[in-house]
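Residues per chain, in single letters:
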Amino acid sequence: YFSSLSALIRTAVFLILATSVVQASEDAEQIFSKAKSYTVKIKSSVALPFEQGAKGTGEAAGFVVDLQRHWIVTNAHVTSRSKAILQVSSDEKDFQLATPVFIDPYFDIAIIRVENVGGMAEAKLDCDGTPSTGLSVGAFGHPWGFNYTGTKGIVSGHTADLKYIGDFVQTDAPINPGNSGGPLISLK
């Protein structure tokens, strides 16, 4: 359990680059269509926030990384640092309650669990290093309330930040409110 969790956290340090296993003939439209099967919408409602938190409900994204365990990865700021009611829906399913498995505000990563993953797919993760500068990528999620939509860009650079012990991937793919926690997908 903890070795799997540790591997997942290391993946998060590299921005969690989800890759689609695709044939060369597929284009971004087909890849984004497949992303609907593993991307979810997350609703987080906070009634009594901690001192630095905010009261209210927000929506963002996440993606399924382990169907067997019913695990979804998102950002910690999506799940809230305060006690929150978490709900998850997919393109095929209505909202269901989710429970936190792991939340790390330092690396801004969270793993949540839902009871029913029927009809969902598991994202294929590429954990074999840092993607190259210039790689065509897409951000997928629910920006500005436009559900299950994608934007295109490239990996525009990398930075090694010793403070955070890892490399960070920079992209010029537009990421807006509602994209938080969603996958960055290789369009290669």
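All residue numbers refer to positions counted from 1 along the written sequence of the respective chain. pLDDT decides what is reported in this predicted model: residues at 70 or higher carry local features, side-chain atom pairs at 80 or more are listed and counted, and totals for whole chains, interfaces and linings draw on all residues regardless. Hydrogen atoms and water are omitted, and side-chain values are computed over all heavy atoms in the structure.

Some details on the overall build of the chain
Definition in use: Here a helix means four or more residues in a row that DSSP labels H or I, a strand means two or more in a row labelled E, and each is numbered from the N terminus. Partly exposed describes any residue whose relative accessible area lies between the buried limit of under 20% and the exposed limit of over 50%, with all areas from a 1.4 Å probe on protein chains only and scaled to the type maximum. Contacts were defined at the residue level, with two residues in contact if any of their heavy atoms lie within 4.5 Å. Only the protein chains shown count as cover for residues, and the accessible areas themselves come from Shrake-Rupley with a 1.4 Å probe.
When its secondary structure is counted, the chain shows three helices and 11 strands. Here the chain holds 188 residues, and the buried ones make up 44% of them. Long-range contacts, defined here as pairs at least 24 residues apart, represent 66% of the contacts in the chain between residues at least 6 apart. Carbon and sulfur atoms form 54% of the exposed surface of the chain, whose accessible area is close to 10000 Å².

Brief notes about the packing of aromatic side chains
For clarity, the threshold we go by: Two rings from Phe, Tyr or Trp (for Trp, the six-membered ring) form a pair when their centres sit within 6.5 Å of each other. Planes less than 30 degrees apart are called stacked, planes more than 60 degrees apart edge-to-face, and all others tilted. We call a charge positioned over a ring when the NZ of a Lys or the CZ of an Arg lies within 6 Å of the ring centre and within 35 degrees of the ring normal.
Across all of its chains, the model carries two aromatic pairs by this definition. A ring pair is formed by phenylalanine 32 and phenylalanine 140, whose centres lie 5.5 Å apart and whose planes are at 20 degrees; its orientation type is stacked. With phenylalanine 32 in helix H2 (residues 28–35) and phenylalanine 140 in strand E8 (residues 136–141), this pair connects stretches of sequence that are 108 residues apart. Of the two residues examined, phenylalanine 32 and phenylalanine 140, each falls in the buried class. Relative to phenylalanine 107, the ring of tyrosine 106 has its centre 5.1 Å away and its plane inclined at 85 degrees; by these criteria the two rings are edge-to-face. The exposure class assigned to tyrosine 106 is partly exposed, which follows from its relative accessible area of 46%. In this structure phenylalanine 107 comes out as partly exposed when scored by relative accessible area, which is 26%. Looking at lysine 43, its charged tip hangs above the ring of phenylalanine 95, at a distance of 4.2 Å from the centre.

Topic: the environment of asparagine 147
Within the fold, asparagine 147 resides in the loop between E8 and strand E9 (149–161). Residue asparagine 147 is classed as partly exposed on the basis of its relative accessible area of 38%. Sequence separation between asparagine 147 and valine 40 is 107 residues, and the spatial gap between their C-alpha atoms is 9.5 Å. Not counting the four nearest positions on each side in its chain, asparagine 147 is found in contact with Lys41, Gly141 and His142.

Comments concerning the pairing of strand E7 (residues 109–114)
To be explicit about the condition: When DSSP finds at least two bridges between two strands, those strands are taken to pair.
Judged by how many residues are buried, E7 sits mostly within the fold: five of six residues are covered. Here strand E4 (residues 71–74) runs beside E7; their pairing, made up of four bridges, is antiparallel. Bridge pairing in E7 places isoleucine 72 opposite isoleucine 112. Alignment of strand E6 (residues 96–104) against E7, held across six bridges, turns out to be antiparallel.

Regarding the pairing of strand E5 (residues 85–89)
The sheet contact formed by strand E2 (residues 39–46) and E5 spans five bridges and is antiparallel. The residue bridging serine 44 from the neighbouring strand is leucine 86, located in E5. Here E5 folds back onto E6 in antiparallel fashion, the turn holding six residues.

As for the confidence of the model for the chain
Basically, it comes down to this: Think of pLDDT as the predictor's per-residue confidence, scored from 0 to 100.
On average, residues of the chain carry a pLDDT of 83, and 80% of them reach 70 or more. For the chain, the element scoring lowest by mean pLDDT is helix H1 (residues 2–13), at 44; E4 scores highest, at 97. Below a pLDDT of 50 lies the segment residues 18–25, which in the model reaches 22 contacts outside its immediate sequence neighbourhood of four places, other chains included.

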